[in-house]
Amino acid sequence: MNPSRSLAVLLLALTASNAAAQSLPSDEAAAQSKASADKDRDRRFQWFREARFGLFIHWGLYAVPAGEWKGKPIEGIGEWIMNRARIPIAEYELLAKQFNPVKFDADAWVQMAKDAGMKYVVITSKHHDGFAMYDSKASRYDIVEATPFGRDPMKELAAACQKHGLKFAFYYSQDQDWHESEASGNVWDFPADDVKKVLGRGYFEGKVKAQVREILTQYGPIGLIWFDTPRLITKEQSQELVDFVHSIQPDCLVSGRVGHGVGDYDSAGDNQISVGSTERDWETPVTLNDTWGFKKDDSNWKEVSVLLRQLVEVAAHSGNYLLNVGPTAEGVVPQPSIDRLREVGQWMKVNGESIYGTKGTPFRYDASWGTVTQKPGKLYLHVFDWPKGDLVVYGLRNKVRKAYLLADKKPVAVSQTANPAIDHTAVRFKLPAKAPSPHASVIVAEIEGAAQVDNALLQQPSGTVELNANQGRIVAPSDKPTMGFDARGVATRWTSADESLAWEFKLVQPGAFDVVVVTSEQKYGRGWEGGHKVTVDVDGTKIAGTIEAQEKRVPPHNPYWPYAITKLGRVTLDKAGTHKVALVPQSIESAKKFGLTLVSVELVPANKK
Ligand code: H79
């Protein structure tokens, strides 16, 4: 904008009514201000996008009972023990007297994160129990004043992160605070949340803002603040908190869980590997076992293969993976956590280039063999299931200049073919017999120009056609359908038989296919509905049946959401090219409100076991 014009705009804006002023900025000015906002966002997010992998630490008084109260194991996540066991504040407070983590070693924790390949550390400054794990003047309920330990571990962690070159960041529970009458969550000492209705001003000003100021002023630059569980907070309060954080540290990122969509970046659900957006920065928090805060009897540790698969899949959708440890009340990270992080680190040492600073896959879907990350001129093919013969990739339009294994730089021979009749391309990579990694092996494909891919949904090289729910077109009587998709891409609120999903896909290898409907149980297998009568329509051939759980499958990347599988029947598709599939319900069972939780419709080659 030239100076005289901007002056005119300013004068007009000052004199005109609001409505008139709003219509004033020219398209050009709007584009300019958007470009400069984008640039500033790119600058603030540079470290976050480069990092891709961080350490979450849940550490607090709950590590003392460690999942057991008055001799009884308490179900659920460890840091929720006060809530789950309905422990009165006065009793829970006494735990502070027992909290003396003499083995705490900030340098060792940060070294562990660094060796795992992590680039930032997020630790609980205050969890839902309301106890400040740092030196707080705004509350006396804090580690320095209330425990025999008497030290501020956050000072030591901030210094260790500084020393090792990791970003330091805080979790802060802004809404639930079971120690405060004006906050949400404590319904055993105080009235229920639906009676309280609002987050009290006294709490919001006197504790939340006062403590957020402390954590943003006492520990140097803070990479991000991880707010959580917005419940009573209003949109105005969420915005006020975001602005407050930025007024103190303008570059500090604010997690989406501050509430009402006003945070700087999005957060997937706990332990949820989302199919992600490549539009907005996002992050997913994951537990190494089933708990966040230490629980002595939780030994359900995830395998390294699962962790790496999750890390890769999150990066392949342009997100960050925040992996949690829950240290003991002595200040020790459980050995099984240390062991897993070490192994992840060994993989990252070899394959980090395919994670740090990468962008998500250019493809519309993940392949049956794995998934893809990219940097300018390079595709990183992450192979989870090492093929017996060649690795075949469908739908890449670029010329592949050369390819090699990331692990040892050994060249991989490439051949490319095209089938103009169906506008199809395939790339073949001649792989060695043995996978470089038992977890995920990375092939680097150097390509000419920006990645170009076929936008059609494609049959997989394995022969399977996977039509994911969120890639379907909703066909509904209203332009505001009831059904939608959750962060995993799974259909939710599909309770109306008037709504259906339709896909088009490209078939490469004709043949006979089993029609399989994959649905998802609720988290931790907490419920599922079947009995829906549906028809799968394939090019006009109708296969009808009832959705039931004939078989179960635990998806490796989202182990908390098991799948239930129904084989409906068989179809033959004898021509390559475009085909149409629709899933049309005749009736949907929804007494439990779950309805038809569709993951995908699959066409599986009939001869394949
Ligand atoms: O900090 C970790 C959790 O404590 C926090 N978010 C992560 C990062 C969190 N707060 N709320 N929730 C997660 C969801 C709560 C789920 C619950 Fe339950 C279901 C609460 C009661 C039933 C799980 C099972 C917790 C207690 C029992």
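About the cut-offs
Residues numbered from 1 in each chain as written. Predicted model: local features only at pLDDT ≥ 70, side-chain atom pairs only at ≥ 80, totals over all residues. Heavy atoms only, no water. Helix = DSSP H or I, 4+ residues; strand = E, 2+ residues; numbered from the N terminus. Rg over C-alpha atoms; globule rule 2.2 N^0.38 Å. Buried < 20%, exposed > 50% of the residue type's maximum accessible area, 1.4 Å probe, protein only. Contact = heavy atoms within 4.5 Å. Lys, Arg positive; Asp, Glu negative; His and termini not counted. Charge placed at Lys NZ, Arg CZ, Asp CG, Glu CD. Phe/Tyr/Trp six-rings, centres within 6.5 Å; stacked < 30°, edge-to-face > 60°. Lys NZ or Arg CZ within 6 Å of the ring centre and 35° of its normal. Axes fitted to C-alpha atoms, helices over the stretch in contact; angles between N-to-C directions. Parallel < 35°, antiparallel > 145°, perpendicular 65-115°, else oblique. Left-handed = near helix turned anticlockwise from the far one by under 90°. Polar contact = N/O pair within 3.5 Å; in protein donor to acceptor, adjacent residues only side chain to side chain. Pairing = 2+ DSSP bridges. Near = heavy atom within 4 Å. Nonpolar A, V, L, I, M, F, W, Y, C, P; charged D, E, K, R; others polar.

A.B. asks: Sorry, what's going on with the overall build of the protein chain here?
C.D. replies: Assigned secondary structure in the protein chain consists of 13 helices and 30 strands. Its C-alpha atoms give the protein chain a radius of gyration of 26 Å, near enough to 25 Å, the size a compact globule of 609 residues would have. If you line up the protein chain on its principal axes, its C-alpha atoms span 75 × 75 × 55 Å. Burial analysis of the protein chain (609 residues in total) assigns 55% to the buried set. Taking all contacts inside the protein chain whose residues are at least 6 apart in sequence as the whole, residues at least 24 apart take part in 72%. Positive and negative charge centroids in the protein chain, built from 73 and 73 side chains respectively, lie 4 Å apart.

A.B. asks: Just checking my understanding: could you explain the packing of aromatic side chains for this structure?
C.D. replies: What characterises a pair of aromatic rings is the spacing of the ring centres plus the angle enclosed by the ring planes. This model, assessed by the stated rule, comprises 23 aromatic pairs. Aromatic pair Trp47 and Tyr120: ring centres 5.2 Å apart, planes at 80 degrees, arrangement edge-to-face. Within this pair, whereas Trp47 is found in helix α3 (residues 27-51), its partner Tyr120 is found in strand β4 (residues 120-126), the two being separated by 73 residues in sequence. Owing to a relative accessible area of 17%, Trp47 belongs among the buried residues under this scheme. By relative accessible area, which is 0% here, Tyr120 ends up buried. Between Phe104 and Phe149, the ring centres sit 6.4 Å apart and the planes meet at 85 degrees, which makes this aromatic pair edge-to-face. Of this pair, Phe104 sits in the loop between α5 (89-93) and α6 (106-115) while Phe149 sits in the loop between α7 (143-146) and α8 (153-164), placing them 45 residues apart in sequence. When its relative accessible area of 5% is taken as the criterion, Phe104 is described as buried. Connected via pairs of aromatic rings, a cluster forms that spans Phe45, Trp47, Phe48, Tyr120 and Tyr265. The ring of Tyr356 is capped by Lys119, whose NZ or CZ atom sits 4.6 Å from the centre of that ring.

A.B. asks: What's the story with the packing of α6 against α8 in this structure? I'm lost.
C.D. replies: Any two packed helices are characterised by the angle at which their axes cross and by the distance between the axes. With their axes 8 Å apart at the nearest point, α6 and α8 run at an angle of 45 degrees to one another. Our classification of the angle between α6 and α8 gives oblique. The element α6 and its partner α8 pack so that their crossing is right-handed. Side by side, α6 and α8 meet where Ala106, Asp107, Trp109, Val110, Gln111 and Lys114 of the first sit next to Glu156, Leu157, Ala160, Cys161, Lys163 and His164 of the second.

A.B. asks: Can you walk me through unusual backbone geometry in this structure?
C.D. replies: As a rule of thumb, non-glycine residues mostly have phi less than zero, and peptide bonds are mostly trans rather than cis. You will see that Thr229, though not glycine, has its phi angle at about 40 degrees, which is positive. Along the chain, Thr229 falls in the loop between β6 (224-226) and α11 (235-248). Residue Thr229 is classed as partly exposed on the basis of its relative accessible area, which comes to 22%. The residue Asn271 is not glycine, and still its phi comes out positive at about 60 degrees. Note on placement: Asn271 falls in the loop between β8 (266-267) and β9 (282-287).

A.B. asks: What exactly am I supposed to notice about the side chain of Asp228 here?
C.D. replies: Assignment of secondary structure puts Asp228 in the loop between β6 and α11. Of the polar contacts made by the side chain of Asp228, one reaches the side chain of Tyr171; its length is 2.7 Å. A polar contact is formed between the side chain of Asp228 and the side chain of Arg257, at a distance of 2.9 Å. Discounting residues that sit within four places of it in the chain, Asp228 has contacts with His128, Tyr171, Tyr172, Gln174, Asp175 and Arg257.

A.B. asks: Which parts of the structure should I look at to understand the pairing of strand β11 (residues 370-375)?
C.D. replies: Consecutive side chains of a regular strand alternate in pointing toward one face of the sheet and then the other. By the criterion of burial, β11 is predominantly enclosed, with five of the six residues buried. As paired strands, β11 and strand β12 (residues 378-383) are joined by six bridges and run antiparallel to one another. Directly across from Lys375, in β12, lies its bridge partner Lys378. Taken together, β11 and the strand that follows it, β12, pair antiparallel across an intervening segment of two residues, in which Gly377 is found at a positive phi of about 80 degrees.

A.B. asks: In this structure, what is going on with the site of the ligand? I would like to understand it.
C.D. replies: With respect to spatial proximity, 14 residues lie near the ligand, and among them His58, Glu79, His127, Asp228 and Asp270 are the closest. A distance of 3.2 Å is found between an oxygen atom of the ligand and a side-chain nitrogen or oxygen belonging to Trp80. For the shell around the ligand, the class distribution of residues is five nonpolar, four polar and five charged.

A.B. asks: Quick question: what am I supposed to make of the sheet that holds strand β27 (residues 551-553) here?
C.D. replies: The strands making up a sheet are joined through hydrogen bonds of the backbone, oriented either antiparallel or parallel. If you trace the five strands from one edge of the open sheet to the other, you get β19-β30-β24-β28-β27, paired in antiparallel fashion. If you trace the sheet from one side to the other, it starts and ends with β19 (465-468) and β27, each paired once. Averaged over all pairs of adjacent strands, the angle between strand axes in this sheet comes to 30 degrees, irrespective of strand direction. As defined by bridge partners, strand β24 (residues 511-520) adjoins strand β30 (residues 598-605) across seven bridges and the pair is classed as antiparallel. Bridge pairing in β30 places Val515 opposite Leu603.

A.B. asks: I tried to follow the packing of helix α12 (residues 304-315) against helix α13 (residues 335-351) on my own but got confused; where do I start?
C.D. replies: Two elements in contact, α12 and α13, have axes whose closest approach is 10 Å; the angle formed by their N-to-C orientations is 50 degrees. Our classification of the angle between α12 and α13 gives oblique. Between α12 and α13 the crossing geometry is right-handed. Residues Val304, Leu307, Leu308, Leu311 and Val312 of α12 touch α13, and the partners they reach there are Arg340, Glu343, Val344, Trp347 and Met348. Within the contact of α12 with α13, the residues separate by chemical class into eight nonpolar, no polar and two charged.

Function-wise, these values are silent; they only describe arrangement.
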